[in-house]
Amino acid sequence: MKQKSQLIIAGEEVEEDRLTDSMLRPKTLNEFVGQKKLKESLLISIKAAKERGEPIDHLLFSGAPGLGKTSLSYIIAREEGVNIKVTSGPALQRVADLAAILTNLEKNDILFIDEIHRLNRIIEEALYPVMEEFGLDLILGKGPGAKILRLNLSSFTLIGATTRPSLLSSPLRDRFGFFYQLNYYNLQEIEEIVKRSAYLLNIEIENEATKEIAIRARFTPRVANRFLKRVRDFAQVKKRKIDKDLVDEALSMFEIDNKGLTETDRRVLKMIIEKFNGGPVGLKNLSVTLNEDIFSLEDIYEPYLLQIGFLERTPRGRKATKEAYKYLGYEKGLF
Ligand code: ADP
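Since this is a predicted model, take the numbers as computed values, not measurements.

Let's talk about the sheet that holds strand β3 (residues 110–114)
Then, number 1: The five strands lie next to each other as β2-β3-β6-β1-β7, forming an open sheet whose pairing is parallel. Edge positions in the sheet fall to β2 (84–88) and β7 (178–181), since each of these pairs with one other strand and no more. Across this sheet, the average inter-strand angle for adjacent strands is 20°, counted without regard to direction.
Then, number 2: As defined by bridge partners, β3 adjoins strand β6 (residues 157–162) across four bridges and the pair is classed as parallel. Directly across from phenylalanine 112, in β6, lies its bridge partner isoleucine 159.
Then, number 3: Along the sheet face, helix α3 (residues 36–52) touches β1 (59–62) and β7 and points at about 155° away from the line of β7.

Structure follows, in structure tokens:
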């Protein structure tokens, strides 16, 4: 079972998000906070494609979970005035699944494939001619008598989202016209997102409390929104206003410390320091010793620990930094 702190910081969407997501998702590029360069470039591509009456080139968004890849895709569809169909790598098992989706797309529509690095080989290969010539090849029959039937599709834009661009094969990667990397947000941007969400959800919150949520939100909009909702519940039950102290209490209850570290983050660092003498240690080795799933380590914990400079990636594995030692109170005798 996942720990409570893991559930609250996990970047991926969970059931309860869906209820508020549609309210909080930015609807236009203007409402989408941060990622300035990416937005400027997207705006030009959208405008140019619109003027030509053509779909935008296929594009690939990469970045940690919860940074806004899905939101941006919806925004593009809206700005272009086209439909968007959403699916994911693991959901597409057979070419027939793909055919069913593709034949329902209208001219210039968008197909969003989340976790595109998890497509199986058959689907991936079927996508090559789709992306290049908007033609889907169906193989009819088996063996030497098999025939290829080509389905001609409407031209559309494929948007792929991935947390692991390195797992994409180069033939697939090369077929995208644009590659956009979403970065972690800075504190001011996360604060702005918390303020905006509080406004939309009709939550009264003091400025200091907004700041406190932002500090702990791991530079990730989805985590910030989730914290805000947990804090609201806490305030409602305790019949208190949302100030800095309340945020502190509420998030401590979920074992989130004032740097946004969870119990698992601290365990990862302590293990590297105590058991592996500070590292380097390979991720696999670490995952076995900690009894933690390697994907969570890679997707949730490691990126944030690298971002705040507590972990360092070396060719021989991960190392805990001086800052990590200091933060966890190990400084004596180690340096
Ligand atoms: P991803 O697809 O990268 O996992 P999402 O697009 O689903 O992330 O974003 C998660 C939630 O975070 C959205 O529902 C939205 O409320 C919020 N969000 C993400 N990026 C932004 C942003 N730049 N500005 C405002 N809210 C954002």
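Let's talk about the environment of glutamate 124
Then, number 1: On the secondary structure map, glutamate 124 appears in helix α6 (residues 121–133).
Then, number 2: The exposure class assigned to glutamate 124 is buried, which follows from its relative accessible area of 12%.
Then, number 3: Sequence separation between glutamate 124 and leucine 172 is 48 residues; the distance between their C-alpha atoms is 7.3 Å.

Digging into the site of the ligand
Then, number 1: For the ligand, the set of nearby residues contains 18 residues, the closest of which are Val33, Gly66, Thr70, Ser71 and Arg222.
Then, number 2: Between the ligand and leucine 24 there is a distance of 3.4 Å, counted from an oxygen atom to a backbone nitrogen or oxygen.
Then, number 3: Within the side chain of arginine 222, one N or O atom sits 2.7 Å away from an oxygen atom of the ligand.
Then, number 4: Summarising the interface, the protein chains cover 98% of the accessible area of the ligand, which totals 560 Å² for the free molecule.
Then, number 5: Of all elements in the fold, only α2 (15–24), α4 (69–80) and α10 (221–238) reach the threshold of two or more residues within the shell around the ligand.

Concerning the pairing of strand β4 (residues 135–140)
Then, number 1: Across six bridges, the pairing between β4 and strand β5 (residues 147–152) is antiparallel. If you follow leucine 136 over to β5, its bridge partner there is leucine 151.
Then, number 2: Between the end of β4 and the start of β5, which pair antiparallel, lie six residues, with glycine 141 showing a positive phi angle near 85°.

As for the environment of histidine 58
Then, number 1: With respect to the helices and strands, the residue histidine 58 is situated in the loop between α3 and β1.
Then, number 2: Overall, histidine 58 belongs to the buried group, its relative accessible area being 7%.
Then, number 3: Spatially, the C-alpha atoms of histidine 58 and valine 194 are 31 Å apart, while their sequence positions differ by 136 residues.
Then, number 4: Apart from residues no more than four positions distant in its own chain, histidine 58 is found in contact with Met131, Phe134, Phe156, Thr157, Leu158, Arg175, Phe176, Gly177 and Phe178.
Then, number 5: At 3.0 Å, the side chain of histidine 58 and the backbone oxygen of methionine 131 are in polar contact.
Then, number 6: Engagement of the side chain of histidine 58 in a polar contact is seen with the backbone nitrogen of leucine 158, the distance being 2.8 Å.

Describing α10
Then, number 1: For α10, spanning 18 residues, the distance from its first C-alpha to its last is 26 Å, which sits close to the expected 26 Å at 1.5 Å a residue.
Then, number 2: Extensive coverage of α10 is indicated by the burial of 13 of its 18 residues.
Then, number 3: In the stretch just after α10, lysine 239 is the one whose phi turns positive, near 50°.

Quick word on the nonpolar core
Then, number 1: By size, the foremost hydrophobic cluster in this structure holds 77 residues, and its most contacted members are Leu42, Phe61, Ile76, Phe227 and Ile242.
Then, number 2: Of the residues forming this core, the biggest block, seven residues, is contributed by α10.

Here's the deal with α6
One turn of an α-helix holds 3.6 residues; hence residues three or four places apart share an orientation.
Then, number 1: Between its terminal C-alpha atoms α6 stretches 19 Å, which fits the 18 Å expected from 13 residues at 1.5 Å a residue.
Then, number 2: Within α6, the full set of buried residues consists of Ile123, Glu124, Ala126, Leu127, Tyr128, Pro129, Val130 and Met131.
Then, number 3: Residues of α6 that are buried in the fold lie against α5 (95–102), β3, β4, β5, β6 and α7 (170–174).
Then, number 4: Its side-chain oxygen at 3.2 Å from the backbone nitrogen of isoleucine 122, asparagine 120 defines the N-terminal cap of α6.
Then, number 5: Of the residues one or two after α6, phenylalanine 134 is the one with positive phi, at around 50°.

Definitions and cut-offs
Residues numbered from 1 in each chain as written. Predicted model: local features only at pLDDT ≥ 70, side-chain atom pairs only at ≥ 80, totals over all residues. Heavy atoms only, no water. Pairing = 2+ DSSP bridges. Helix = DSSP H or I, 4+ residues; strand = E, 2+ residues; numbered from the N terminus. Axes fitted to C-alpha atoms, helices over the stretch in contact; angles between N-to-C directions. Contact = heavy atoms within 4.5 Å. Buried < 20%, exposed > 50% of the residue type's maximum accessible area, 1.4 Å probe, protein only. Near = heavy atom within 4 Å. Polar contact = N/O pair within 3.5 Å; in protein donor to acceptor, adjacent residues only side chain to side chain. Areas by Shrake-Rupley, 256 points an atom, 1.4 Å probe, with all protein chains shown as cover. Expected span 1.5 Å × (residues − 1). Core = buried A, V, L, I, M, F, W, Y, C linked by side-chain atoms within 4.5 Å.

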